[in-house]
Amino acid sequence: MIWTISKKTVAIELDAILEYGKRAEEILTKVTSKISSAVTTMTGYQVTEVKLQVKDMLTKDEWQQRQQSSSDKKKK
């Protein structure tokens, strides 16, 4: 996550993993809106830009396998 802050404004860059088969445009629009709203509420800063880079697209099963694998690694 990269924040660029200047005089009560902020630009945000994030990486995202999307679920395969879902409508990416719809999801990214919702996420961008929620991020902007939350940052403004918490900080009072105006969000000028939210850049989301899609790093991967996974099925629900693939996501669950990754989460389980990550959880198993943390336990060791």
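What counts as what
- Residues numbered from 1 in each chain as written.
- Predicted model: local features only at pLDDT ≥ 70, side-chain atom pairs only at ≥ 80, totals over all residues.
- Heavy atoms only, no water.
- Pairing = 2+ DSSP bridges.
- Helix = DSSP H or I, 4+ residues; strand = E, 2+ residues; numbered from the N terminus.
- Right-handed = clockwise from strand over helix to strand, strands pointing away.
- Core = buried A, V, L, I, M, F, W, Y, C linked by side-chain atoms within 4.5 Å.
- Buried < 20%, exposed > 50% of the residue type's maximum accessible area, 1.4 Å probe, protein only.
- Contact = heavy atoms within 4.5 Å.
- Expected span 1.5 Å × (residues − 1).
- Arc of directions from axis to C-beta.
- Salt bridge = Lys/Arg side-chain N within 4 Å of Asp/Glu carboxyl O.

Student: Before we move on, could you go through the pairing of strand E2 (residues 9–19) and cite the residues and values that matter?
Tutor: Note that E2 and strand E3 (residues 46–58) share eleven bridges and pair parallel. Paired with Ile12 across the two strands is Val50, which belongs to E3. With helix H1 (residues 24–43) bridging E2 and its parallel neighbour E3, the resulting β-α-β unit is right-handed.

Student: Describe the nonpolar core, with residues and values.
Tutor: Judged by nonpolar contacts, Val10, Ile12, Leu14, Ile35, Val39, Val47 and Val50 together constitute the single largest core of seven residues. Contributions of two or more residues to this core are made by E2, H1 and E3. The element that contributes the greatest number of residues to this core is E2, accounting for three residues. If we skip the residues at most four places from it in the chain, Ile35 touches Ile12, Leu14 and Val50.

Student: A description of H1 should follow, citing residues and the corresponding values.
Tutor: For H1, with 20 residues, the first-to-last C-alpha span of 28 Å sits near the 28 Å given by 1.5 Å per residue. By the burial criterion, the buried members of H1 are Ile35, Ser36 and Val39. Buried residues along H1 cover an arc of 100° about the axis, so they all sit on one side. Facing away from the buried side of H1 by more than 90 degrees, the exposed set consists of Thr29, Lys34 and Thr41. Phi turns positive, to about 80°, at Gly44, one or two residues after H1.

Student: Describe in detail the pattern of salt bridges, supporting the description with residues and values.
Tutor: Tallying each qualifying case throughout the model produces three salt bridges. Residue Arg23 is joined to Glu26 by a salt bridge in which the shortest nitrogen-to-oxygen separation is 3.4 Å. A residue is classified by how much of its surface remains accessible, and Glu26, at 40% relative accessible area, is partly exposed. For Asp56, the salt bridge identified is with Arg66, shortest N-O distance 2.8 Å. Here Arg66 lies in helix H2 (residues 60–75) and Asp56 lies in strand E3, a separation of ten residues in the sequence. Each of Arg23, Glu26 and Lys30 takes part in one network of salt bridges that share partners.

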